[in-house]
Amino acid sequence: MSLWVDAYRPRTLNDLQYHKDLSARLKSLASSGDFPHMLFYGPSGAGKKTRITATLLELFGNGVDKLKIDQRVFLTPSKRKVEVNIVQSNYHIEITPSEAGNYDRVIIQELIKEIAQTQQVDLNAKQRFKVVIINEADSLSRDAQAALRRTMEKYMSNLRIILCANSTSRLIAPIRSRCLLIRVPAPSKSEMQDVMQYVSRRAGFDLPPDVSDKIIADCDGNMRKCILVLEALKMQSPDLTGDVTIAKPDWELYCNKVGDMIIAEQTPARVMDVRAKLYELLSHCIPPTVILKTIAERIVSRVDEAIKPQIMHWAALYEVRMRNGTKKIFHLEAWVIKVMSIYKHHFYGMDLTELMEDF
Amino acid sequence: MSFFDKRTSKTASNAKHVVDPALQPWVEKYRPQTIDDISAQEHTVAVLQKTLTSTNLPHMLFYGPPGTGKTSTVLALSKQLFGPDNFRNRVLELNASDERGISIVREKVKNFARQTPRAQAVSEDGKVYPCPPYKIIILDEADSMTQDAQGALRRIMENYAHITRFCLVCNYVTRIIEPLASRCSKFRFTPLDPHSATDRLNHIATAERVAVTPEVIDALIKSSGGDLRRAITYLQSASRLSSSTQPPTPITARDIQEIAGTVPDQVLHGFAHVIGVDVPGFQNEPPPKSPFDAIQKKVKELSREGYSATQLLNQLHDLVVLHPTLNGKQKSQCGLVFAEADKALCDGADEELWTLEVALQVHKAVV
Ligand SMILES: Nc1ncnc2c1ncn2[C@@H]1O[C@H](COP(=O)(O)OP(=O)(O)OP(=O)(O)O)[C@@H](O)[C@H]1O
Ligand SMILES: [Mg+2]
């Protein structure tokens, strides 16, 4: 039994239910041998991966479904072993180099060169080239990106690269210059309605529109999340009638609580309490950026209009510092203290000009 | 000599695998083959022309933004110097996809520099090539070499100076250490000016028999910002799309913008309006009651659309800077914000937070 997200995932470009123009565009690109390198980007759960898989099917036909999963070991120059999982068919290979952390360059260098230098062996293959799909391309290190550059040009006759990323900002310009950029926006509300209705029909039940509205409102354009939530709800209350409530994930509730604590009291003792909670969140592997954003959004939804911009300003600033620094907690905490001081000063109507000079 | 024989026979058999040119991406198909084919970069081309006739060549450093012809130039120059037969044993190309730890570079250079095969200047294709008595080592994408590796390269360059010439290629000349840079003649590659880019694009369009209007060329040039590789890729995709519809439709400027990921004016103006910048089409709409909430909502909406923050901020920047009614002080304040955001995004910051930050700060500056 696979999950609905997988079981009812569209297979071909024609099956894709939204962004029809984009599907047509991909179809025409795939129908010719001059298929370019591509970079798919867009928010999570918008359907990038589904679209890439459908494009592959269009390019090569059914053989791309016969997948093999391997683990490969690479040796870094310092003789360290890195393991990565590789999914491949006769026509393509899929990797997530960020699994290898700082050694992603080694993977790119070794693996892609190896593929690039071998010709397609299957003489019946519809295309002369193989496709390499690189997931989470926006977390590729600079070195790994640099390693891709010339490979992309030199071996273009045997190799096409499809990068999949949330955004293009973190990719270096020379990489962007070598790819055709394909933006995959999140589906609109009505498009999400259609998909959910379709999934429900396939799963054999009627989905009341007010339930799907609720789910959509909760999922922020993330189609994958919608279908997962739908399946979970259906398991909980099979008739989907009455007052269905969508449970928020624990970590989100926890973040909201932290936000409320900050607004309720601004003292050194409270900073200590908050810090304990932040540690708790971090130790459960909630990404620090997500923690910061969730708490910040909770706070700005509850405070006076006048101080909202400052709270977000410092959130933006501490988020970059946190990314470049090594101790996440330091920056989260610094931001909490900043917010407390802004809040307190505003509350007591103190003159802020001095404090805010550098804002 | 048997080693080289094997090499040549291998190349010959490789040649049979060459892809049908009709299926080749145009960026490769129209890669300049001689330095005369290089568009723009007049100064560089003129100087290099001279080196073709003299027998001396300095170490060289090519730098400039992507897609401006650096790699093409160095490859074309090497081909013209040595001809197809000698290219392989006279030119060594190392790029960022090769292992470039310094011991490996030293080893490769040493091996490569060891033999000087006496080359006959007349090659198989009947042409005469200058074949100067040294080898060329191309270090493409040199800005991704570590400082240490670059430092060690100095020695290598000196040790083999009698027999090799180095050609370093990079995007950012500031990432090349000074002692290395100062040993080279520097050639700066600039983004292609609209005139040269137009010529090159028209040349390709004619050769491929695609009809392009001046508006399409204009859109290509605007959205590629002087990066010819990008312009060519866009053109090819657009032509593929337009010829695949039934019946074929001509390429439009809008097609190009869509392919290039440019944020449509309407979306951009909607955003500008919410943050308090006057734009045509929105003048009669009242400003929102709670600016913060409206801005936050808009930013979320934009990130759902998947527009890249960098692209969005670039376009917003142009809109603000060229704005007819904002005053100098307002524009300067916005300028500071844009700079800050660009740096943050380069450092990998969260896009939504920084789009919001820019929106809020611009709002503060202009309202
Ligand atoms: N000045 C130019 N004249 C003609 N064609 C060019 C020129 N610049 C770029 N092109 C086209 O763009 C393609 C890429 O150019 P090239 O590889 O030389 O870029 P580059 O400067 O090395 O870029 P990068 O910094 O990304 O490596 C070429 O194949 C060619 O089709
Ligand atoms: Mg190059």
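Just so it is clear, the structure is predicted and the values come from calculations on it, not from any experiment.

Asks: Explain the pairing of strand 3 (residues 135-139) of chain B residue by residue, including any values.
Replies: All names here are of chain B. Most of strand 3 sits out of view: five of its five residues are buried. Bridge count for strand 2 (residues 91-94) against strand 3 is four bridges, and the pairing is parallel. Each residue of the ladder has a partner; that of Leu92, found in strand 3, is Ile137. On the question of chirality, the crossover connecting strand 3 to the parallel strand 4 (residues 164-170) by way of helix 6 (residues 147-159) is right-handed.

Asks: Tell me what's going on with the interface of chain A and chain B, and back it up with residues and numbers.
Replies: Listed per partner, the contact involves 60 residues of chain A and 63 residues of chain B. Sorting the residues of chain A by area buried against chain B places Asp34(A), Arg150(A) and Arg183(A) first, and these three jointly supply 12% of that buried surface. Applying the counting rule to chain A against chain B returns 13 salt bridges. Here chain A and chain B share 30 residue pairs in polar contact (both at pLDDT 80 or more) between them.

Asks: Requested: an account of the site of ligand 1, with residues and values cited.
Replies: Arg178(A), Val27(B), Lys70(B), Thr71(B) and Ser72(B) are the nearest of the 22 residues found near ligand 1. Around ligand 1, the neighbouring residues derive from chains A and B rather than from a single chain. Interatomic distance of 3.1 Å between a side-chain N/O atom of Arg149(A) and an oxygen atom of ligand 1. Starting from 630 Å² of accessible surface for ligand 1 in isolation, the protein chains cover 100%. One can see that ligand 1 is located within the largest cavity. Looking at the shell around ligand 1, the elements with two or more residues in it are helix 5 (142-154) and helix 6 (173-178) of chain A together with helix 4 (70-90) and helix 10 (228-244) of chain B. In terms of residue class, the shell around ligand 1 is built from eight nonpolar, seven polar and seven charged.

Asks: Summarise the pairing of strand 7 (residues 180-183) of chain A; cite the residues concerned and give the values.
Replies: All names here are of chain A. Along strand 7, one buried face is formed by Leu180 and Ile182 and the opposite face, lined by Leu181 and Arg183, is buried too. Both strand 1 (residues 38-41) and strand 7 contribute to a ladder of four bridges, which runs parallel. Looking across to strand 7, one finds that Phe40 is bridged to Ile182.

Criteria and cut-off values
- Residues numbered from 1 in each chain as written.
- Chains lettered and ligands numbered in written order.
- Predicted model: local features only at pLDDT ≥ 70, side-chain atom pairs only at ≥ 80, totals over all residues.
- Heavy atoms only, no water.
- Buried < 20%, exposed > 50% of the residue type's maximum accessible area, 1.4 Å probe, protein only.
- Helix = DSSP H or I, 4+ residues; strand = E, 2+ residues; numbered from the N terminus.
- Pairing = 2+ DSSP bridges.
- Right-handed = clockwise from strand over helix to strand, strands pointing away.
- Contact = heavy atoms within 4.5 Å.
- Buried area = accessible area lost by both parts, 1.4 Å probe.
- Salt bridge = Lys/Arg side-chain N within 4 Å of Asp/Glu carboxyl O.
- Polar contact = N/O pair within 3.5 Å; in protein donor to acceptor, adjacent residues only side chain to side chain.
- Near = heavy atom within 4 Å.
- Areas by Shrake-Rupley, 256 points an atom, 1.4 Å probe, with all protein chains shown as cover.
- 1 Å grid on protein atoms, 1.4 Å probe; cavity = no way out; pocket = protein on both sides within 12 Å on 5 of 7 lines; lining within 4 Å.
- Sits in = over half its atoms within 2 Å of the grid points.
- Nonpolar A, V, L, I, M, F, W, Y, C, P; charged D, E, K, R; others polar.

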